[in-house]
Amino acid sequence: MTQDELKQAAAQAALDYVEEGSIVGVGTGSTANHFIDGLARMKDRIAGAVASSEASAERLARHGIRLFDLNDVNAMPVYVDGADEIDSSLAMIKGGGGALTREKIVAAVAGRFICICDESKLVKTMGRFPLPIEVIPMARAQVARELTRLGGKPVLRTGFVTDNGNMILDVHGLSITDPVGLETSLNQIVGVVTNGLFARRGADILLLATTRGVERHSRATQ
């Protein structure tokens, strides 16, 4: 199977977690796009969706799926999204598509976070994928200096502006052995909006597409 076929398989498996008549939280990226396309086939059985990015909102709208503002949502059983890296504790690095802040907000509201990805994303120690940090533009240089002091090598994502009007620093050279601690420390740096570590609120369920089929991993069994 190709990597894209694996992504499709994981996305298809996530449809089983969508509750009838509910509002579904939808992530951003290539794997989430497959989930959106699958959700379109059952759009008459859900109330609608909350998108974590403008790109996902546009894709949902093209499929005729009703969009909700998160501020108007009282309950959202599931949020479905991919990951750039995920470890055995179901902590993740996200933000390769630059939507990390909105993804983190939507995930915080959902009853369960369903992560969908192919087996290449499962790692023993996170950090090979550069960790995205969303920063207020005027604080870019100061945040970069602080990240360097922590042992990272921050690189500005050139030509990119988040949906919130901010910049992204991609931090290379990290070996993330304490995801929860690092997530907390990074968010204390003045000028950081949020970082791409999803550890304090990691995935509840990982649907991992492999050549042997889609494996289900639960945080409760870790």
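Residues numbered from 1 in each chain as written. Predicted model: local features only at pLDDT ≥ 70, side-chain atom pairs only at ≥ 80, totals over all residues. Heavy atoms only, no water.

## Describing the pairing of strand β3 (residues 78–81)
Right, so step 1: Judged by which residues are buried, β3 turns out to be covered on both faces: V78 and V80 on one side and Y79 and D81 on the other are all buried.
Right, so step 2: With two bridges joining them, strand β1 (residues 23–26) and β3 adopt parallel strand pairing. Its bridge partner lying in β3, G25 is registered against Y79.
Right, so step 3: With four bridges joining them, β3 and strand β6 (residues 112–118) adopt parallel strand pairing. Following the sheet pairing, V80 is matched in β6 by I114. (Buried < 20%, exposed > 50% of the residue type's maximum accessible area, 1.4 Å probe, protein only. Helix = DSSP H or I, 4+ residues; strand = E, 2+ residues; numbered from the N terminus. Pairing = 2+ DSSP bridges.)

## Here we look at the pattern of salt bridges
Right, so step 1: Enumeration over the complete set of coordinates arrives at eleven salt bridges.
Right, so step 2: In this structure, the salt-bridge partner of R149 is E146, at a minimum N-O distance of 2.5 Å. Placement of the pair is R149 and E146 together in helix α5 (residues 140–149), with a separation of three residues, close to one helical turn.
Right, so step 3: A relative accessible area of 26% places E146 in the partly exposed class.
Right, so step 4: As a salt-bridge pair, E215 and R212 come within 2.9 Å of each other at their nearest N and O atoms. (Salt bridge = Lys/Arg side-chain N within 4 Å of Asp/Glu carboxyl O.)

## Some points on the packing of aromatic side chains
Right, so step 1: Overall, the coordinates contain two aromatic pairs when judged by the stated rule.
Right, so step 2: Relative to F113, the ring of Y79 lies with its centre 5.1 Å away and its plane at 70°, an arrangement referred to as edge-to-face. Separated by 34 residues along the polypeptide, Y79 in strand β3 and F113 in strand β6 bring together distant segments of the chain.
Right, so step 3: Residue classification places F113 among the buried residues on the basis of a relative accessible area of 0%.
Right, so step 4: Here the aromatic cluster, defined as three or more aromatic residues joined through ring pairs, consists of Y79, F113 and F198.
Right, so step 5: For K94, the ring lying beneath its charged end belongs to F198, and the centroid distance is 5.6 Å.
Right, so step 6: The ring of F160 has R157 lying over it, and the distance from NZ or CZ to the ring centre is 5.3 Å. (Phe/Tyr/Trp six-rings, centres within 6.5 Å; stacked < 30°, edge-to-face > 60°. Lys NZ or Arg CZ within 6 Å of the ring centre and 35° of its normal.)

Read these as spatial facts, not as claims about activity.
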